[in-house]
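Residues per chain, in single letters:
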Amino acid sequence: MPASRQYCYESPQVACYQSNQHFLSHEDAFPMPLARANQFNRHATVLIYLNSVDQGGSTCFDHLGVCVQPRQGRALLFFPAFADGRPDPRTLHTAVDAKDTKWVMQQWVARGYQLPGTVQPPPPPSLQASTSNSLPAQLASQPQPRSQSEGASVARKDLAARKGKDVKGKAAKVKRGFGK
Ligand SMILES: O=C(O)CCC(=O)C(=O)O
Ligand SMILES: [Fe+2]
């Protein structure tokens, strides 16, 4: 199983459809609850047609109105899931009834599911100019604001503390004094 956000190849498969065999409409990506449980989803599908088929057996995208007829050596690549792991419903597809025998190879590229709240990799060094690591020790040891508005209120409190004022009182006064 791939680690979080890592890509890996599933074992390739080969399928043979005889006359009247098909693969009903489906998405190759797993629904989110299953992707979370399995901790991966399918991000790329490669189909390689191993023989040419004149009648039947095409791969059709139900919502896109696109069908691909098997030709020996032809490859079909599509991306069943968005970058965040959600299935892309536009990739719903069907292998329509074969008439002539059809051989196809399926290869999926899976990616480890990124659990919400997991740590992002650090930005590249060129973007690391001002991280908390570069703050003076005294500031860096204080809890850092988590949002812009929280940041603004921390800054106001800090300023008020230095001026010996109470932020709430000052905000209320500004409100009451509207127009003065
Ligand atoms: O055989 C095809 O044309 C499509 C196969 C497929 O969709 C699958 O194996 O998931
Ligand atoms: Fe499929």
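This is a predicted model, so every value here is computed, not measured.

1. Quick notes on the side chain of Lys102
Inference 1: On the secondary structure map, Lys102 appears in strand S9 (residues 102–112).
Inference 2: Despite its burial, Lys102 remains without a salt bridge, the nearest opposite charge being carried by Asp97 at 9.9 Å.
Inference 3: One polar contact links the side chain of Lys102 to the main-chain carbonyl oxygen of Gly57, over a distance of 2.9 Å.
Inference 4: The residues touching Lys102, leaving out its near neighbours within four places in the chain, are Ala15, Cys16, Tyr17, Tyr49, Asn51, Val53, Gly57, Thr59, Pro70 and Ala95.

2. Points about the site of ligand 1
Inference 1: Near ligand 1 the following residues occur: Tyr17, Phe23, His26, Asp28, Leu47, Thr59, His93, Ala95, Lys102, Val104, Gln106 and Trp108.
Inference 2: Contact distances for ligand 1 include 3.2 Å between an oxygen atom and a side-chain N or O atom of Asp28.
Inference 3: One of the side-chain nitrogen or oxygen atoms of Lys102 is found 2.7 Å away from an oxygen atom of ligand 1.
Inference 4: Here ligand 1 has 290 Å² of accessible area as a free molecule, and 99% of this is covered by the chains.
Inference 5: Top contributing element to the shell around ligand 1 by residue count: S9, with four residues.
Inference 6: Across the shell around ligand 1, the residue classes break down as six nonpolar, four polar and two charged.

3. Some remarks on the coordination of the iron ion (ligand 2)
Inference 1: On the protein side, the iron ion (ligand 2) has His26 (NE2), Asp28 (OD) and His93 (NE2) as donor atoms, found 2.1 to 2.2 Å from it.
Inference 2: When the donors of the iron ion (ligand 2) are listed by position in the chain, the intervening gaps give H-x1-D-x64-H. Of this pair, Asp28 sits in the loop between strand S3 (23–26) and helix H1 (32–38) while His93 sits in strand S8 (residues 93–95), and the two are 65 residues apart along the sequence. Exposure class is identical for Asp28 and His93. Each is buried.

4. A closer look at empty space enclosed by the protein
Any empty space left between the atoms is revealed when a probe the size of a water molecule rolls over them.
Inference 1: Taken as a whole and judged by the stated rule, the model has one cavity of 30 Å³ or more.
Inference 2: Estimated volume of the largest cavity: approximately 30 Å³.
Inference 3: Forming the boundary of the largest cavity are Phe40, Asn41, His43, Ala83, Asp84, Gly85, Arg111, Gly112, Tyr113 and Gln114.
Inference 4: At the level of elements, strand S4 (40–49) and S9 are the ones that each hand at least two residues to the lining of the largest cavity.
Inference 5: Tallied by class, residues from the lining of the largest cavity come to three nonpolar, five polar and two charged.

5. What about the pattern of salt bridges?
Oppositely charged side chains can form a pair if their charged atoms are brought close together.
Inference 1: For the structure on display, the rule yields four salt bridges.
Inference 2: In this structure, Arg86 engages Asp84 in a salt bridge whose closest nitrogen and oxygen atoms are separated by 2.9 Å.
Inference 3: Its relative accessible area of 41% is what places Arg86 among the partly exposed residues.
Inference 4: Overall, Asp84 belongs to the partly exposed group, its relative accessible area being 44%.

6. With respect to the state of the cysteines
Inference 1: Counted under the stated rule, the structure contains one disulfide.
Inference 2: Each disulfide pairs two cysteine sulfurs, and for Cys60 the partner residue is Cys67, the sulfurs being separated by 2.1 Å. The sign of the 115° torsion about the S-S bond sets the Cys60-Cys67 disulfide as right-handed.

7. Focus on the confidence of the model for the protein
Inference 1: When pLDDT is averaged along the protein, the result is 77, and 66% of the positions lie at 70 or above.
Inference 2: Every residue in residues 130–180 scores below 50 in pLDDT, and together they form 13 contacts with partners more than four places removed in sequence or on other chains.

8. Here we look at the packing of aromatic side chains
Inference 1: According to the stated counting rule, one finds two aromatic pairs in the structure shown.
Inference 2: For the pair Phe30 and Phe40, a centre-to-centre distance of 5.7 Å together with 90° between the ring planes defines the contact as edge-to-face. Of this pair, Phe30 sits in the loop between S3 and H1 while Phe40 sits in strand S4, and the two are 10 residues apart along the sequence. Each member of the pair, Phe30 as well as Phe40, is classed as buried.
Inference 3: Taking 5.0 Å as the distance between ring centres and 85° as the angle between the ring planes, the aromatic pair formed by Phe61 and Phe78 counts as edge-to-face. Taken together, the residues span a long stretch of sequence, with Phe61 in strand S5 (residues 59–61) and Phe78 in strand S7 (residues 75–78) at a distance of 17 residues. Exposure class is identical for Phe61 and Phe78. Each is buried.
Inference 4: The ring of Trp108 carries the charged tip of Arg42 above its face, separated from the ring centre by 3.9 Å.
Inference 5: The cationic tip of Lys102 hangs over the ring face of Tyr17; the distance from NZ or CZ to the ring centre is 4.3 Å.

Conventions we followed
- Each chain has its residues counted from 1, following the order in which its sequence is written.
- Chain letters and ligand numbers both follow the written order, the letters beginning at A and the numbers at 1.
- In view of the model being predicted, local features appear only for residues whose pLDDT reaches at least 70, and side-chain atom pairs are presented and counted only at 80 or more, with totals across whole chains, interfaces and linings using the full set of residues.
- Just so you know, side-chain values use all the structure's heavy atoms and leave hydrogens and water out.
- For helices the rule is a DSSP run of H or I covering at least 4 residues; for strands it is a run of E covering at least 2, with both sets numbered from the N terminus onward.
- To sort residues, take the accessible area from a 1.4 Å probe on protein chains only and compare it with the maximum for the residue type: under 20% means buried, over 50% means exposed, and anything in between is partly exposed.
- Residues counted as positive are Lys and Arg, residues counted as negative are Asp and Glu, and His and the chain ends are not counted.
- A pairing counts as a salt bridge when a side-chain nitrogen of Lys or Arg comes within 4 Å of a carboxyl oxygen of Asp or Glu.
- Any pair of N or O atoms that falls within 3.5 Å is considered a polar contact. Within protein, one atom must be able to donate a hydrogen and the other to accept it, and sequence-neighbouring residues count only if both atoms are side-chain atoms.
- Here, residues are in contact when the closest pair of their heavy atoms is within 4.5 Å.
- We define proximity as follows: a residue is near a molecule or strand when any one of its heavy atoms falls within 4 Å of that partner.
- Accessible surface area values rest on a Shrake-Rupley calculation with a 1.4 Å probe, where residue burial reflects the displayed protein chains alone.
- All amino acids are sorted into three groups, where Ala, Val, Leu, Ile, Met, Phe, Trp, Tyr, Cys and Pro are nonpolar, Asp, Glu, Lys and Arg are charged, and the leftover types, Gly among them, are polar.
- Water is absent from the atoms considered, so a metal site may look incomplete; donors are defined as N, O and S atoms within 2.8 Å of the metal, or 3.2 Å for Na, K and Ca.
- In this analysis a 1.4 Å probe is tested at points of a 1 Å grid over the protein atoms alone, and where it fits but cannot get out there is a cavity; an open set with protein on both sides within 12 Å along at least five of seven lines is a pocket; lining residues have an atom within 4 Å of a point.
- Grid points are joined across faces, edges and corners, and a volume is the space filled by probe spheres set on the points.
- Cysteine sulfur atoms that come within 2.5 Å of each other are treated as a disulfide pair.
- Values of pLDDT, which run from 0 to 100, indicate the predictor's confidence residue by residue.
- Here the aromatic set is Phe, Tyr and Trp, taking the six-membered ring for Trp, and pairing holds for ring centres within 6.5 Å; pairs whose planes are under 30 degrees apart are stacked, those over 60 apart are edge-to-face, and all others are tilted.
- Here, a charge over a ring means that NZ of Lys or CZ of Arg falls within 6 Å of the ring centre while also lying within 35 degrees of the ring normal.

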